[in-house]
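Next come the chains, spelled out residue by residue.
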Amino acid sequence: MRHIIAVLLENEAGALSRVAGLFSARGYNIESLTVAPTDDPTLSRMTLVTTGNDDVVEQIKKQLNKLIDTVKLLDLSEGPHIEREMMMIKVRAERHDREELKRLTEIFRAKIIDVTDTSYVIELTGASKKLDAFIDAVPEGLIVEVVRSGPTGISRGDKGLTI
Amino acid sequence: MALSEAQLDGAEPERPERSGVELSGAEIVIQALADEGVEFVFGYPGGAVLHIYDALFRQESVKHILVRHEQGASHAADGYARATGKCGVCLVTSGPGATNAVTGIATAYMDSIPMVILTGQVPTPVIGSDAFQEVDTVGITRPCVKHNFLVKDVRDLAVTIRKAFYIAMSGRPGPVVVDIPKDVTDPNIKIPYDYPRDVKMRSYNPVLKGHPGQIRKAVDLILQAKRPVFYTGGGVVLGEASAQLTDFVRMTGFPVTSTLMGLGAYPMTDPQFIGMLGMHGTYEANMAMHETDVLIAIGARFDDRVTGKIEHFCPHAKIIHVDVDPSSISKNVKVHVPIVGQVANVLSDMIKLYRELAPRPDEHPVADWWSKIAEWRAVDCMRYDRNSTAIKPQFAVETLYKVTGGDLYLTSDVGQHQMFAAQFYPFDKPRRWINSGGLGTMGFGLPAAMGVQLAFPDAQVACISGEASILMCIQELATCLQYGLPVKVILLNNGYMGMVRQWQEFFYESRYSNSYVDALPDFVKLAESFGHVGMRVDQPADLEAAMTEAFAMKNRLVFMDVIVDPTENVYPMIAAGKGHHEMHLAPSLSDRELA
Ligand SMILES: Cc1cc2nc3c(=O)[nH]c(=O)nc-3n(C[C@H](O)[C@H](O)[C@H](O)COP(=O)(O)OP(=O)(O)OC[C@H]3O[C@@H](n4cnc5c(N)ncnc54)[C@H](O)[C@@H]3O)c2cc1C
Ligand SMILES: Cc1ncc(C[n+]2csc(CCOP(=O)(O)OP(=O)(O)O)c2C)c(N)n1
Ligand SMILES: [Mg+2]
């Protein structure tokens, strides 16, 4: 099963490599990993997406918790939560493709954020599946470049993952 | 951890002597060690740590032990830690100094041994430039340490060292590396020194007490058990819970088995002890594991050498598991009653509850179980040929036991000799059996014995080894001479990498590929050339007298080259991937094989 796990880490040099090293050393799947500082500059928040059966995911969480730099951890998939990923996609946009791409952008509530005579850069935020769907919807051969942030997530309701 | 008695009593602690004075980074390193109560630092100098070595030279509170290879430093610090329960400390230079120490760091990591390893690093401005003797020590050691630090500012030095000791010693212990760039120890930059007494880390809070509800569940299971077994491990030794374990086992009247790492935590000569379990465990211990209905696992981590094939592991049992590290629980084997906490605390709580709930003490609920165990015991699985004209390695270990009266610190290398020692030398106290279990590091024994002998200068300390293993850290014989460490090296010389040869005999149709140790040195002359006493024994009848003579030389290192039967194998043996009930017994016993 797919799990999305949020981790608050001490914002120390090397904290990220400890997490990455843990996954490769123990052979855990890692689909994506994003990390950035939070409102508290001493803390980073990491979101990682992994897959595995319940036993494996349980071990992954225990091993993450065991890292000395880990302050708190939450498996977002265990409760109601919101997931968002951001994508920027550069597409070839010439002649009648320009109209088609604009239409798609509207349908998906994306934004065109860069325009040249021959290309667009389109920005889209949403659940990862929606991003996949957008990529599928772009007509054959038009995609020049895709960059995705990897999912981040937050739980629903008034409780927060804070210290 | 380095708490004075006054501190434990809650009285105002003494301030460290030099608090408030201005010190350089190099002096801070040494003063911090002194404030931690460190007796010995095992190390080897080099460019990146020269400032620290200069500070060492100008003080007397911390004693430096100069090893002959950095691997020796890390094993010696480890041996010291295993024997004393205190934190081992080493100091090595950058680059090759650090990489040489890695084997010892990984060895300590696998067996959860508390150590602080100080490594020199190139100066901060040139980090990342492939400077002379630069390696990414934090990167290299990351997978084999509990934690590591790179100190980039002298103002962080004291607090980082305090944290390193705290992390190494608390929770599940382990090695911690502190990497210190040379400019951070600059003798010309002095700052006020104040050693922090307490550290608080919001990200690290090891669990102490077990959950009362879980403890209750465990005791309920224990009270209903018909065929219970205690399966104890290194955690009982690490957690200083020998007394509690012994009380509880005696109170319940249950049988107890131990992993290789837990030997001695429960007295091995006691009738309730049914021997080591696992790959080379006793018939009775492994059969009991196979038939048990309630398994009480305490400070053990269900290693594959212990469980054998997981599908066959304890098929009838409800499992209780006490461990301080949540990630040890249900890692390899799913357990029914997990209890996270320090063994000593959890056992005390269990004992209390058991006393309240237990039936009359004269009732013996597991008498039938003991009759079953007695049948298995009667197989006498460790029988060997006592009339052999060659010295049997088993006989050598039994003689060692006899000569030392069971009062010995015994370190080991890795191989058959290690297993024979574990099987034939019954330890009645914890911290007496010192060996590399998790990593299985050949070369561990001799340097580890140095650490033990330094900690206990008047105790009998021996290193049991093989002719292949001993050569891996043989240079430490020089260290032993320099510091007058009268370790007794008991070399079970079978002329083979015996453990490898055994596997080749069993699983590769006796194709002995590269397991014959050709071109061996003359160990007697070798010992003598290092300034020690060498002895060779090849007759069973001479062994006891020779060993007695060796141990009588209280102030000399004696290297005993004991020529043993080259083809002896370690039995019983569970082949990898088999269950506990599928043991190989010695050929002379196979006709009686009950499994
Ligand atoms: C050649 C060879 C053959 C071997 N054959 C065997 C064999 O036949 N049988 C065998 O048993 N082993 C054997 N081993 C050793 C084996 O590889 C493992 O090292 C060993 O089984 C692990 O022992 P353990 O489970 O006690 O764990 P340890 O490595 O000692 O781990 C201790 C456990 O206790 C926990 N712990 C630590 N401190 C505390 C505390 N204060 N409170 C609570 N929990 C704590 C830790 O978290 C950990 O889970 C062999 C090794 C070699 C090299
Ligand atoms: C550093 C290292 N390299 C290789 C091994 C694999 N190994 C395990 S036992 C063994 C043979 C040990 O031979 P010896 O020291 O003579 O002991 P014996 O088994 O003969 O008693 C080897 C090579 C190891 N454990 N450690
Ligand atoms: Mg040998």
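Computed from a prediction, not measured in an experiment: that's the story for all the values here.

## Quick look at the sheet that holds strand S4 (residues 70-75) of chain A
Residues and elements named next belong to chain A.
Okay, step 1: Strand order in the open sheet formed by four strands is S2-S3-S1-S4, with antiparallel pairing between adjacent strands. Of all the strands in the sheet, the pair left with one neighbour each is strand S2 (32-37) and S4. The average undirected angle you get between the axes of adjacent strands in this sheet is 15°.
Okay, step 2: Where S2 lies against strand S3 (residues 43-51), six bridges are found, and the strand directions are antiparallel. Each bridged residue has a counterpart across the sheet, and for Thr34 the counterpart in S3 is Thr47.
Okay, step 3: The strands touched by helix H2 (residues 54-66) within the sheet are strand S1 (2-10), S3 and S4, with S4 carrying the most contacts at an inclination of about 160°.

## Some thoughts on the site of ligand 2
Residue and element names in this part refer to chain B.
Okay, step 1: Taken together, 17 residues form the shell around ligand 2, and within it Gln416, Gly440, Ser469, Asn494 and Gly498 come nearest.
Okay, step 2: Contact distances for ligand 2 include 2.8 Å between an oxygen atom and a backbone N or O atom of Gln416.
Okay, step 3: Between an oxygen atom of ligand 2 and a main-chain N or O atom of Met499, the distance comes to 2.9 Å.
Okay, step 4: Protein coverage of the free-state accessible area of ligand 2, which is 590 Å², stands at 76%.
Okay, step 5: Elements with a contribution of two residues or more to the shell around ligand 2: helix H16 (416-424) and helix H19 (498-507).
Okay, step 6: A breakdown of the residues in the shell around ligand 2 according to their chemical character gives eight nonpolar, eight polar and one charged.

## A short note on the site of ligand 1
All names here are of chain B.
Okay, step 1: The local shell around ligand 1 holds 36 residues, among which Gly234, Thr259, Arg301, Asp323 and Gln342 are the closest.
Okay, step 2: For ligand 1, an oxygen atom lies 2.7 Å from a polar atom in the side chain of Ser328.
Okay, step 3: Take Gly438: an N or O atom from its main chain is 3.1 Å from an oxygen atom of ligand 1.
Okay, step 4: Contact with the protein chains removes 97% of the 990 Å² of surface that ligand 1 exposes when unbound.
Okay, step 5: Elements that contribute at least two residues to the shell around ligand 1 include exactly helix H9 (234-238), helix H12 (304-307) and H16.
Okay, step 6: Per-element tally for the shell around ligand 1: the top contributor is H9, with three residues.
Okay, step 7: Class assignment for the residues of the shell around ligand 1 results in 14 nonpolar, 16 polar and six charged.

## Here's the deal with the interface of chain A and chain B
It is common to give the size of an interface as the accessible area that goes away when the parts come together.
Okay, step 1: At the interface, 19 residues of chain A touch 18 residues of chain B.
Okay, step 2: It is Arg18, Lys62 and Ile68 of chain A in chain A that bury the most area against chain B; as a group they hold 44% of the surface buried on that side.
Okay, step 3: Put simply, chain A and chain B have four salt bridges between them.
Okay, step 4: The shortest N-O distance in the salt bridge between Asp55 of chain A and Lys334 of chain B comes to 2.9 Å.
Okay, step 5: The tally of links between chain A and chain B comes to eleven residue pairs in polar contact (both at pLDDT 80 or more).
Okay, step 6: Taken together, the elements giving at least two residues each to the side of chain A that touches chain B come down to helix H1 (15-25), H2 and S4 of chain A.

## With respect to the layout of surface pockets
Okay, step 1: For the second largest pocket, the calculated volume is near 1200 Å³.
Okay, step 2: For the second largest pocket, the lining is made up of 42 residues, of which Gln63, Lys66 and Leu67 of chain A together with Asp325 and Ser327 of chain B are closest to its centre.
Okay, step 3: Mapped onto the lining of the second largest pocket, the elements with two or more residues apiece are H1, H2 and S4 of chain A together with helix H5 (96-110) of chain B.
Okay, step 4: Residue contributions to the lining of the second largest pocket peak at five residues, all from H2 of chain A.

## Focus: the UniProt feature "domain: ACT" (unreviewed entry) in chain A
Okay, step 1: Taking the UniProt record as the reference, the feature "domain: ACT" (unreviewed entry) is found at residues 4-79 of chain A.
Okay, step 2: In this annotation, residues 4-79 of chain A is assigned 32% helix and 37% strand; the end-to-end C-alpha distance for the span is 11 Å.

## Quick notes on the domain arrangement of chain B
All names here are of chain B.
Okay, step 1: According to the domain assignment, chain B contains domain 1 (5-192), domain 2 (212-378) and domain 3 (393-563).
Okay, step 2: In this structure, domain 1 and domain 2 have C-alpha centres spaced 37 Å apart.
Okay, step 3: Contacts between the two partners involve nine residues from domain 1 and, on the opposite side, eight residues from domain 2.
Okay, step 4: Around 630 Å² of area is buried between domain 1 and domain 2 when both sides are counted, 53% of it from carbon and sulfur atoms.
Okay, step 5: Ranking the residues of domain 1 by area buried against domain 2 places Asp111, Gly171 and Arg172 at the top, with a combined share of 59%.
Okay, step 6: Summed over the shared surface of domain 1 and domain 2, the number is one salt bridge.
Okay, step 7: Residue Asp325 pairs with Arg172 through a salt bridge whose shortest N-O separation is 2.9 Å.

## Comments concerning the UniProt feature "domain: Thiamine pyrophosphate enzyme central" (unreviewed entry) in chain B
Okay, step 1: As recorded in UniProt, the sites labelled "domain: Thiamine pyrophosphate enzyme central" (unreviewed entry) are residues 215-349 of chain B.
Okay, step 2: Overall, residues 215-349 of chain B shows 34% helix and 20% strand. The separation of its end C-alpha atoms is 7 Å.

## Examining the packing of helix H2 (residues 25-35) of chain B against helix H7 (residues 157-169) of chain B
If you want to describe how two helices pack, look at the angle between their axes and the distance between the axes.
Residues and elements named next belong to chain B.
Okay, step 1: Put simply, H2 and H7 touch, their axes get as near as 9 Å, and they point 30° apart. For the element pair H2 / H7, the angle class is roughly parallel. Handedness of the H2/H7 crossing: right-handed. Where H2 approaches H7, its residues Gly25, Ile28, Val29, Ala32 and Leu33 are matched on the opposing element by Leu157, Ala158, Ile161 and Phe165.
Okay, step 2: Classifying every residue of the contact of H2 with H7 gives eight nonpolar, one polar and no charged.

## Some words on the sheet that holds strand S7 (residues 175-181) of chain B
Residue and element names in this part refer to chain B.
Okay, step 1: In space, the six strands of this open sheet follow the order S3-S2-S4-S5-S7-S6, with parallel pairing throughout. Each of the sheet's edge strands pairs with one partner strand only, and the pair in question is strand S3 (63-66) and strand S6 (147-150). Going from strand to strand, the sheet's axes swing by 20° on average, the running direction of each strand aside.
Okay, step 2: Pairing of strand S2 (residues 40-43) with S3, which is carried by four bridges, proceeds in the parallel orientation. Paired with Val41 across the bridge in S3 is His64.
Okay, step 3: Set on the sheet, H7 makes contact with strand S4 (88-92), strand S5 (115-121), S6 and S7; between it and S7 the angle comes to about 165°.

## Examining the UniProt feature "domain: Thiamine pyrophosphate enzyme TPP-binding" (unreviewed entry) in chain B
Okay, step 1: According to UniProt, the "domain: Thiamine pyrophosphate enzyme TPP-binding" (unreviewed entry) feature falls on residues 413-562 of chain B.
Okay, step 2: Between the end C-alpha atoms of residues 413-562 of chain B the distance is 15 Å, and the span holds 38% helix and 16% strand.

## Structural notes on a nonpolar patch on the surface
Residues and elements named next belong to chain A.
Okay, step 1: Together, Met86, Met88, Ile113 and Val147 make up an exposed nonpolar region whose accessible area comes to about 290 Å².
Okay, step 2: Mapping Val147 onto the fold places it in strand S8 (residues 143-148).
Okay, step 3: The exposure class of Val147 is partly exposed, given its relative accessible area of 42%.

Rules behind the numbers
- Residues numbered from 1 in each chain as written.
- Chains lettered and ligands numbered in written order.
- Predicted model: local features only at pLDDT ≥ 70, side-chain atom pairs only at ≥ 80, totals over all residues.
- Heavy atoms only, no water.
- Pairing = 2+ DSSP bridges.
- Helix = DSSP H or I, 4+ residues; strand = E, 2+ residues; numbered from the N terminus.
- Axes fitted to C-alpha atoms, helices over the stretch in contact; angles between N-to-C directions.
- Contact = heavy atoms within 4.5 Å.
- Near = heavy atom within 4 Å.
- Polar contact = N/O pair within 3.5 Å; in protein donor to acceptor, adjacent residues only side chain to side chain.
- Areas by Shrake-Rupley, 256 points an atom, 1.4 Å probe, with all protein chains shown as cover.
- Nonpolar A, V, L, I, M, F, W, Y, C, P; charged D, E, K, R; others polar.
- Buried area = accessible area lost by both parts, 1.4 Å probe.
- Salt bridge = Lys/Arg side-chain N within 4 Å of Asp/Glu carboxyl O.
- 1 Å grid on protein atoms, 1.4 Å probe; cavity = no way out; pocket = protein on both sides within 12 Å on 5 of 7 lines; lining within 4 Å.
- Points joined across faces, edges and corners; volume = space filled by probe spheres on them.
- UniProt positions renumbered as here; feature names shortened; annotations may be inferred.
- Domains from an automatic or database assignment.
- Parallel < 35°, antiparallel > 145°, perpendicular 65-115°, else oblique.
- Left-handed = near helix turned anticlockwise from the far one by under 90°.
- Patch = residues over 30% accessible without salt bridge, like charges linked within 9 Å, V, L, I, M, F, W, Y side chains within 5 Å.
- Buried < 20%, exposed > 50% of the residue type's maximum accessible area, 1.4 Å probe, protein only.

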